[in-house]
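Descriptive analysis of the structure
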Amino acid sequence: MGRDFSYIARRCERAVVSAYRELRAHGTADPEAFRACTILYRIHHPEASMNEARRLVAEWIDHHVVRESTAPTRGCACD
């Protein structure tokens, strides 16, 4: 739960990954945590479609949480 994600440059990506880990650590089921993080992404990027938000959130969760990679992701076009 207390993992440091400060190496993630994009605020939206860092927020999504941190929120997902926190939700899962507190017992939220994966589908609900994923849904909440998709909504969180769309708060940062209201212009994004649901499909784009789902794709990016899935990519970030897989990259940072499942594979525990610290390498940068392609992600979105913001800073």
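Look up a bit, the structure's there.
What counts and what doesn't
Residues numbered from 1 in each chain as written. Predicted model: local features only at pLDDT ≥ 70, side-chain atom pairs only at ≥ 80, totals over all residues. Heavy atoms only, no water. Helix = DSSP H or I, 4+ residues; strand = E, 2+ residues; numbered from the N terminus. Expected span 1.5 Å × (residues − 1). Buried < 20%, exposed > 50% of the residue type's maximum accessible area, 1.4 Å probe, protein only. Arc of directions from axis to C-beta. Axes fitted to C-alpha atoms, helices over the stretch in contact; angles between N-to-C directions. Parallel < 35°, antiparallel > 145°, perpendicular 65-115°, else oblique. Left-handed = near helix turned anticlockwise from the far one by under 90°. Contact = heavy atoms within 4.5 Å. Nonpolar A, V, L, I, M, F, W, Y, C, P; charged D, E, K, R; others polar. Core = buried A, V, L, I, M, F, W, Y, C linked by side-chain atoms within 4.5 Å.

Now for helix H1 (residues 11-25). A rise of 1.5 Å per residue sets the reference length of H1, with its 15 residues, at 21 Å; its end C-alpha atoms lie 21 Å apart and thus fit the reference within 8%. When H1 is considered as a whole, its buried residues turn out to be Cys12, Glu13, Val16, Val17 and Tyr20. End-on view of H1: buried residues confined to an arc of 130 degrees, all on one side of the axis.

Two elements in contact, H1 and helix H3 (residues 50-66), have axes whose closest approach is 10 Å; the angle formed by their N-to-C orientations is 70 degrees. The orientation of H1 relative to H3 falls into the category roughly perpendicular. Regarding H1 and H3, the two cross each other, and that crossing is right-handed. Across from Cys12, Glu13, Val16, Val17, Tyr20 and Arg21 in H1, the residues of H3 making contact are Val57, Trp60, Ile61, His64 and Val65. Among the residues making up the contact of H1 with H3, the classes are represented as 8 nonpolar, 1 polar and 2 charged.

Another aspect to go through is the environment of Leu40. Counting through the fold element by element, Leu40 comes out in helix H2 (residues 30-44). As a C-alpha pair, Leu40 and Arg54 span 14 residues in sequence and 11 Å in three-dimensional space. Excluding anything up to four places from it in sequence, Leu40 contacts Ala15, Val16 and Ala19.

Counting residues in hydrophobic clusters, the biggest one holds 16 residues, and the most contacted among them are Val16, Tyr20, Tyr41, Val57, Trp60 and Cys76. Tallying contributions element by element places H3 first for this core, with 6 residues. Those residues in contact with Tyr41, other than ones at most four positions away along the chain, are Cys12, Val16, Ala48, Glu52, Ala53, Leu56, Val57, Trp60 and Cys76.

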